[in-house]
Amino acid sequence: FLIVALFSLMGCSAKRLPDEASTNSSGGQSFAKVNTPHCSLITSEEAAAALGGPVSVTPQDDLCAYDLTGSSNKNGSLIVSLVTSASPRFKEFGVLKSDRSVMRTVSGVGDKAVIFMSKEYPGIGPKAIQVLKGDKYVAIGMSASDGRVSDDVLKSLATSAVHRLR
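Since this is a predicted model, take the numbers as computed values, not measurements. Every residue gets a number counted from 1 within its own chain, in the order that chain's sequence is written. Only residues with pLDDT of at least 70 get local features here, since the model is predicted, and only at 80 or more are side-chain atom pairs given and counted; chain-wide, interface and lining totals rely on the full set of residues. Think of the side-chain values as coming from all heavy atoms in the structure, minus any hydrogens and water.

What to know about helix H3 (residues 151-163)
Selection rule: Strands here are runs of E lasting at least two residues and helices are runs of H or I lasting at least four, both read from the DSSP assignment and numbered beginning at the N terminus. A helix is expected to span 1.5 Å for every residue after the first. Exposure classes here rest on a 1.4 Å probe applied to the protein chains alone. A residue is buried below 20% of its type maximum, exposed above 50%, and partly exposed in between. Only heavy atoms matter for contacts: two residues are in contact if any of them lie within 4.5 Å across the pair. Side-chain atoms alone can form a polar contact between residues adjacent in sequence; in general such a contact is a pair of N or O atoms within 3.5 Å, and within protein one must be able to donate a hydrogen while the other accepts it.
If you check H3, its first and last C-alpha atoms are 18 Å apart, about what 13 residues at 1.5 Å a residue would give, namely 18 Å. Restricting attention to buried positions, one finds in H3 the residues Leu 154, Leu 157, Ala 158, Ser 160, Ala 161 and Val 162. On its buried side, H3 packs onto helix H2 (44-51), strand S4 (76-84), strand S7 (127-133) and strand S8 (136-144). Two to three positions downstream of the cap, the backbone nitrogen of Asp 152 sits 3.1 Å from a side-chain oxygen, assigning the N-cap of H3 to Ser 150.

Side note on the environment of Pro 37
Locating Pro 37 in the fold gives a position in the loop between strand S1 (23-24) and H2. Since its relative accessible area comes to 42%, Pro 37 is described here as partly exposed. For the pair formed by Pro 37 and Ser 81, sequence separation is 44 residues and the distance between their alpha carbons is 8.3 Å.

Concerning the pairing of S4
Applied cut-off: Note on pairing: two strands pair once DSSP finds at least 2 bridges between them.
Within S4, 8 of the 9 residues are buried, leaving the element largely enclosed by the surrounding structure. Both strand S3 (residues 63-68) and S4 contribute to a ladder of 4 bridges, which runs antiparallel. From the neighbouring strand, Ala 65 faces S4, where its bridge partner is Ile 79. Summarising the sheet, S4 and S8 pair through 9 bridges and their orientation is antiparallel.

Spatial relationships are all this shows, so hold off on functional conclusions.
The structure is reproduced here in structure tokens:
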């Protein structure tokens, strides 16, 4: 359910790549070992710090998924996607796709940034941030089993990702 909610907030679809595309964080700065721009924006360590434990990394054709591992009582996911102006999805920056979500502008990161969250329970549940920088935008969605996703954590991840844009 958490991943479905994140995709809904971010406006993404996903297709899994073969399992050999997955990696695990084990110290140092680890990026997924697949040539995908989505997985070069957030390190495994940054994802692990945001989610509260070790993560597995699964590169996919249009995103990179980080999933909390090693805990039977705690779940969490982080999804990162890079959208360029050449993509039909580029026009979706800052567009609400659900009447169950709200959007709020965020300052201090990129050229423009917005956070999406639940309209009914804005402090609980998955959240997503989209950050526009030049002719690209980064979308990061996060969910946690305790339901609490920090705007500050999302903004920090987005700042790191924007600094790595090429």
